[in-house]
Amino acid sequence: MFSKREAILLAAAAMTVAATVTVLFSRLTLDDAYITFRYARHLAEGYGPGAWNHTGEHVEGYSSLLWMLLLAGAVRSGIDLLVASKVLGAAAALVVIASLVRRRDDRPAFLTGLFLAVYVPFVFYAASGMEAVAFTSLVTLALIGPAQWQPIVAPLLVAMRPEGALVVGADVLALLW
């Protein structure tokens, strides 16, 4: 186990590295993110959910309902869509890392948090505009978060990604076990 001082120093160093790398990657956006951006912008403009174009049939073409709603809310509030996606992704990464490194008595969890903070693909996805790291943060909260949060986290998982239902099912079985 790590002493409290060692854990704090390692966690602070890891968070600094993660924040720095996220800022460096903030100029990169995966092209798939622009699909959700378009749906979010059209929803914020009042065209309703599923509006790819301003006219015509509405079709659900985004991969994450919750991510699209969060981004539409940001746009509606006057926040730039690209900035909102980057900030939400970085915040989600910090939730994952902080949830793991705060468990300093659980060496594998603590080391996993440190590893994720310096793992370039994880940090890249946090800054990519995609919902992958936000989904990861919800999975992390479902698996190691406080039990009283489960009624909130479970529906968010399902709204974030379709496979969230599998995680919720596994979590419910674990709680019953």
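Residues numbered from 1 in each chain as written. Predicted model: local features only at pLDDT ≥ 70, side-chain atom pairs only at ≥ 80, totals over all residues. Heavy atoms only, no water.

## Comments concerning helix α2 (residues 33-44)
Over its 12 residues, α2 runs 16 Å from end to end, which matches the ideal 16 Å to within 8%, given 1.5 Å per residue. All of the buried residues along α2 are A33, T36, F37, Y39, A40, H42 and A44. On the buried face of α2, the contacting elements are α3 (65-76) and α4 (81-101). In the segment just after α2, G46 is the residue with positive phi, at about 95 degrees. (Helix = DSSP H or I, 4+ residues; strand = E, 2+ residues; numbered from the N terminus. Expected span 1.5 Å × (residues − 1). Buried < 20%, exposed > 50% of the residue type's maximum accessible area, 1.4 Å probe, protein only. Contact = heavy atoms within 4.5 Å.)

## Section: the side chain of S85
Along the polypeptide, S85 turns up in helix α4. Of note is the side chain of S85, whose polar atom sits 2.9 Å from the backbone oxygen of L82. Those residues within four positions of S85 in sequence are excluded, and the remaining contacts are F37, W67, L71, A126 and G129. (Polar contact = N/O pair within 3.5 Å; in protein donor to acceptor, adjacent residues only side chain to side chain.)

## Quick notes on the nonpolar core
Counting 46 residues, the largest nonpolar core has L71, I97, F122, L157 and M160 as the members making the most contacts within it. Per element, the largest residue contribution to this core is 8 residues, and it comes from α4. I97 has contacts with M15, A18, G113, L116, A117 and F122, leaving out every residue within four places of it along the chain. (Core = buried A, V, L, I, M, F, W, Y, C linked by side-chain atoms within 4.5 Å.)

## Remarks on the packing of aromatic side chains
Scanning the entire structure with this criterion turns up 6 aromatic pairs. Aromatic pair F25 and F124: ring centres 5.5 Å apart, planes at 85 degrees, arrangement edge-to-face. Within this pair, whereas F25 is found in helix α1 (residues 4-25), its partner F124 is found in helix α6 (residues 120-126), the two being separated by 99 residues in sequence. Centroid distance Y34 to F37: 5.2 Å. Interplanar angle 75 degrees. Geometry classified as edge-to-face. Remark: F37 and Y34 occur in helix α2; sequence separation between them is 3 residues, near one turn of the helix. Here the aromatic residues F25, F124 and Y125 are joined through ring pairs into a cluster of three or more. When the ring centre of W52 is taken as origin, the NZ or CZ atom of R38, which lies over that ring, is 4.3 Å away. (Phe/Tyr/Trp six-rings, centres within 6.5 Å; stacked < 30°, edge-to-face > 60°. Lys NZ or Arg CZ within 6 Å of the ring centre and 35° of its normal.)

## A short note on the side chain of T140
Inspection of the secondary structure assignment puts T140 in helix α7 (residues 132-144). Setting aside chain neighbours within four positions, we find T140 in contact with V96, S99 and G145.

## Digging into the environment of A19
Relative to the helices and strands, A19 resides in helix α1. Distance from A19 to A91, taken between C-alpha atoms, is 9.9 Å for residues 72 residues apart in sequence.

## Structural notes on the confidence of the model for the chain
Overall, the prediction assigns the chain a mean pLDDT of 89, with 100% of residues at 70 or greater. Ranking the helices and strands of the chain by mean pLDDT puts α3 first, with 96, and α1 last, with 82. (pLDDT = per-residue confidence, 0-100.)

## Some details on the packing of α2 against α4
In contact at an axis separation of 11 Å, α2 and α4 are set at 120 degrees when each is read in the N-to-C sense. For the element pair α2 / α4, the angle class is oblique. Judged by the sense of rotation from one axis to the other, the crossing of α2 with α4 is right-handed. Between α2, through Y34, F37, A40 and R41, and α4, the contact on the second element is made entirely by L81, L82 and S85. (Axes fitted to C-alpha atoms, helices over the stretch in contact; angles between N-to-C directions. Parallel < 35°, antiparallel > 145°, perpendicular 65-115°, else oblique. Left-handed = near helix turned anticlockwise from the far one by under 90°.)

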